[in-house]
Amino acid sequence: MNFDAALAAIENLDGNGVDLGERVPVSLDFPIEEYRRRHARLAVLMDEYAFDAIVFTQEEPVRYFTGYNSVVWAVGRWLPTVFVATRDPRRSLLAGSVFDGGCAVGTAWVSGTVSYTRVDELPGLVAGHLADVGAAGGRIGFEYGPGSFMAVPQFLAAQLLRLGGDEPRDASALWHAVRMLKSPLEIERLRRSVGAAVAGYAAGIAAAKPGMTEKELVSIISSTMYANGSTAGTRPLFVNCVSGRDRYPLVDTPASDRPLAAGDIVFVDGGGASDGYVSDILRLIGIGPLRAEDRRYAEAAAEATRAMVAATRPGRLVSQLLATAEASVAAAGVDDPVGVVGGHGIGLELWERPIIQRPDDPNEDVNLRPGMVLCLEPILSPPHPDGGLAGIFVFEQQVVVTEAGCEVLSAALPAHLAEA
């Protein structure tokens, strides 16, 4: 898919959206107008790419398009759910387990909501509905491209994919395009989520000291996040922490019982969710005394992030943002390369399109647009003279693209090396 063309087709849709033929559930995630506009955008792309129906199985698109919101997703491999989105949403279908039928009816607007008793009934329910709406073969879309998957057991996925004929078509890019542009209500949830993360990180930075373990530091950050707007649900907190040369290569591992020690550059990364919408920021804490070289790398990384923020505005390609970070690092006299991924979109998922990189596919090199929410994180990982890594130097800021440039949602937390 050419994402720029897809975004151009949907970004300026006028009006209040399409008729959903909805019923009003007891508890709807957003006002019904949100779902009308989302389906209007999806319908435009379904027309453009010749789809009569799309079979969604992942939590995020099902929740996004229907409102269905349940912790049953935590056991979804046992109790899968399918949403069949049609160009006319009045003919859509939400099919889930009878175990959670009350929640499906109580949180989703979809009139065509059905339940199965045995999981092997699910493909038949979907097939029957597709036949009823006249969707067949290559005009049925599925989720299996980059960033997507079929969130049902493999034997069910195989049966569902056969409904698409000999060469089932991937339609996941349509959903990715629609959600790249956040509504004001989505941005407000992201703002709350980032505010909770900022409060948690500030508490952790204030409390950090030699002898404290990584787990103790993350506990302070996490509890403060929950006290300041992070909410329980299917998106748990995912704050990770590494400190010390033996731990730097394990940068994405959870916090350990290792005590913070003099000379450490403590790497803290992650966030949580506020009513499903995710935060993701990153800060470094130095446990003194520190090497002058570590401070130099930290400042180069901080300046690279500042340069990316300044360059973030409508019309700028994501590859240009990465190039901006590389130029900033070079201007600081640092020879080490910047990571191949310098950031990503964010919303209901931690990583969403657009991915800030130099993509192999030019159709992925998207022009920024107002309403996109991004995490900017150019990374330096220089070697230590005694072997291994000197640290992972990066300061991640979460921003929303505006008409005039961007707003830094995480601006309240200084993006430079803190020292304990």
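For the structure itself, look to the data block above.
Definitions and cut-offs
- Residues numbered from 1 in each chain as written.
- Predicted model: local features only at pLDDT ≥ 70, side-chain atom pairs only at ≥ 80, totals over all residues.
- Heavy atoms only, no water.
- Helix = DSSP H or I, 4+ residues; strand = E, 2+ residues; numbered from the N terminus.
- Rg over C-alpha atoms; globule rule 2.2 N^0.38 Å.
- Buried < 20%, exposed > 50% of the residue type's maximum accessible area, 1.4 Å probe, protein only.
- Contact = heavy atoms within 4.5 Å.
- Areas by Shrake-Rupley, 256 points an atom, 1.4 Å probe, with all protein chains shown as cover.
- Lys, Arg positive; Asp, Glu negative; His and termini not counted.
- Charge placed at Lys NZ, Arg CZ, Asp CG, Glu CD.
- Pairing = 2+ DSSP bridges.
- Core = buried A, V, L, I, M, F, W, Y, C linked by side-chain atoms within 4.5 Å.
- Salt bridge = Lys/Arg side-chain N within 4 Å of Asp/Glu carboxyl O.
- Axes fitted to C-alpha atoms, helices over the stretch in contact; angles between N-to-C directions.
- Disulfide = S-S within 2.5 Å.
- Parallel < 35°, antiparallel > 145°, perpendicular 65-115°, else oblique.
- Left-handed = near helix turned anticlockwise from the far one by under 90°.
- Nonpolar A, V, L, I, M, F, W, Y, C, P; charged D, E, K, R; others polar.
- Phe/Tyr/Trp six-rings, centres within 6.5 Å; stacked < 30°, edge-to-face > 60°.
- Polar contact = N/O pair within 3.5 Å; in protein donor to acceptor, adjacent residues only side chain to side chain.

Draft legend 1. Structural view of the overall build of the chain. Broken down by element type, the chain carries eleven helices and 17 strands. A globule of 420 residues ought to have a C-alpha radius of gyration of about 22 Å, and the chain, at 23 Å, matches this closely. Projected onto the principal axes, the alpha-carbon positions of the chain cover approximately 70 × 40 × 40 Å. Expressed as a percentage of the 420 residues in the chain, the buried residues total 55%. Put simply, of all contacts in the chain between residues at least 6 apart along the chain, 70% involve residues at least 24 apart. Carbon and sulfur atoms form 55% of the exposed surface of the chain, whose accessible area is close to 16,400 Å². Averaged over its 35 positive side-chain charges, the chain has a centre that lies 2 Å from the centre of its 52 negative ones.

Draft legend 2. The arrangement of helix α3 (residues 59–66) in detail. When you tally the buried positions in α3, you get eight out of eight residues, the bulk of the element. Where α3 is concerned, the buried positions are Glu59, Glu60, Pro61, Val62, Arg63, Tyr64, Phe65 and Thr66. Looking one or two places after α3, you find glycine 67, whose phi comes out positive at around 90°.

Draft legend 3. View of the sheet that holds strand β4 (residues 113–116). Strand order in the open sheet formed by six strands is β4-β3-β2-β1-β5-β6, with mixed pairing between adjacent strands. Of all strands in the sheet, those bounded by a partner on one side alone are β4 and β6 (169–170).

Draft legend 4. Highlighting the nonpolar core. Membership of the largest hydrophobic core comes to 128 residues, with the highest contact counts inside it found for Phe56, Leu217, Val268, Leu380 and Phe393. Ranked by residues supplied to this core, first place goes to helix α10 (residues 292–311) with nine residues. Here valine 268 is in contact with Tyr201, Leu217, Ile221, Val239, Asn240, Cys241, Ile281, Leu282, Arg283 and Ile285, once residues within four sequence places are set aside.

Draft legend 5. The pattern of salt bridges, seen in detail. Throughout the structure, instances matching the rule amount to 35 salt bridges. Where aspartate 52 meets arginine 87, a salt bridge forms, and the shortest distance between an N and an O atom there is 2.9 Å. Taken together, the residues aspartate 52 in the loop between α2 (32–48) and β1 (53–56) and arginine 87 in the loop between β2 (82–86) and β3 (93–97) connect sequence positions 35 residues apart. Residues arginine 295 and glutamate 419 are paired through a salt bridge, measuring 2.9 Å at the closest nitrogen-oxygen approach.

Draft legend 6. The sheet that holds strand β16 (residues 406–408), seen in detail. Spatial ordering of the open sheet is given by β13-β12-β14-β15-β16, a layout of five strands whose pairing is antiparallel. With one partner strand each, in any of the chains shown, β13 (352–355) and β16 form the two edges of the open sheet. The average undirected angle you get between the axes of adjacent strands in this sheet is 30°. With two bridges connecting them, strand β12 (residues 343–345) and β13 associate as antiparallel partners. Following the sheet pairing, glycine 345 is matched in β13 by glutamate 352.

Draft legend 7. Expanded view of the state of the cysteines. Applying the stated criterion across every chain yields a total of zero disulfides. Cysteine 241 takes part in no disulfide bond, and the closest cysteine sulfur to it belongs to cysteine 375, at a distance of 19 Å. Relative accessible area serves as the criterion here: at 0%, cysteine 241 is assigned to the buried category. Considering cysteine sulfurs only, cysteine 406 is the nearest to cysteine 375, which forms no disulfide, with 12 Å between them.

Draft legend 8. Main features of the packing of helix α1 (residues 3–10) against helix α7 (residues 172–180). It is at 10 Å that the axes of α1 and α7 come closest, and there the two elements cross at 55°. When the interaxial angle is binned, α1 and α7 end up oblique. Considering only the axes of α1 and α7, their crossing is right-handed. Across the interface between the two elements, Phe3, Ala6, Leu7 and Ile10 of α1 pack against Ala173, His176, Ala177, Val178 and Met180 of α7. Here the contact of α1 with α7 is composed, by residue class, of eight nonpolar, one polar and no charged.

Draft legend 9. Quick look at the packing of aromatic side chains. Within this structure, the stated rule accounts for seven aromatic pairs. Ring geometry for tyrosine 297 and phenylalanine 393: centres 5.7 Å apart, planes at 25°, overall stacked. Of this pair, tyrosine 297 sits in helix α10 while phenylalanine 393 is found in the loop between β14 (373–376) and β15 (397–401), placing the two residues 96 residues apart along the sequence. Of the two residues examined, tyrosine 297 and phenylalanine 393, each falls in the buried class. Among the aromatic residues, ring-to-ring pairing joins Phe56, Tyr64, Phe65 and Trp175 into one connected group.

Draft legend 10. Main features of the side chain of arginine 353. Counting through the fold element by element, arginine 353 comes out in strand β13. Arginine 353 sits in the buried class, given a relative accessible area of 13%. There is a polar contact of 2.6 Å between the side chain of arginine 353 and the side chain of glutamate 364. Once residues within four sequence positions are removed from consideration, arginine 353 is found in contact with Phe3, Pro146, His176, Met180, Gly345 and Glu364.

Draft legend 11. Molecular detail of the packing of α1 against α2. Running from N to C, α1 and α2 point in directions that differ by 130°, and their axes come no closer than 9 Å. Taken together, α1 and α2 sit at an angle that is classed as oblique. Crossing of α1 over α2 shows right-handed handedness. On the side of α1, the interface is formed by Ala6, Ala9 and Ile10, while α2 contributes Arg41, Val44 and Leu45. Among the residues forming the contact of α1 with α2, the class breakdown is five nonpolar, no polar and one charged.

Draft legend 12. Inspection of the environment of serine 274 at higher detail. Locating serine 274 in the fold gives a position in strand β9 (residues 273–274). The spacing of serine 274 and arginine 235 is 39 residues in sequence and 8.9 Å in space, taken between C-alpha atoms. The contacts of serine 274, once residues within four sequence positions are left out, are Arg189, Arg192, Ser193, Gly229 and Thr231. Engagement of the side chain of serine 274 in a polar contact is seen with the backbone oxygen of glycine 229, the distance being 3.4 Å.

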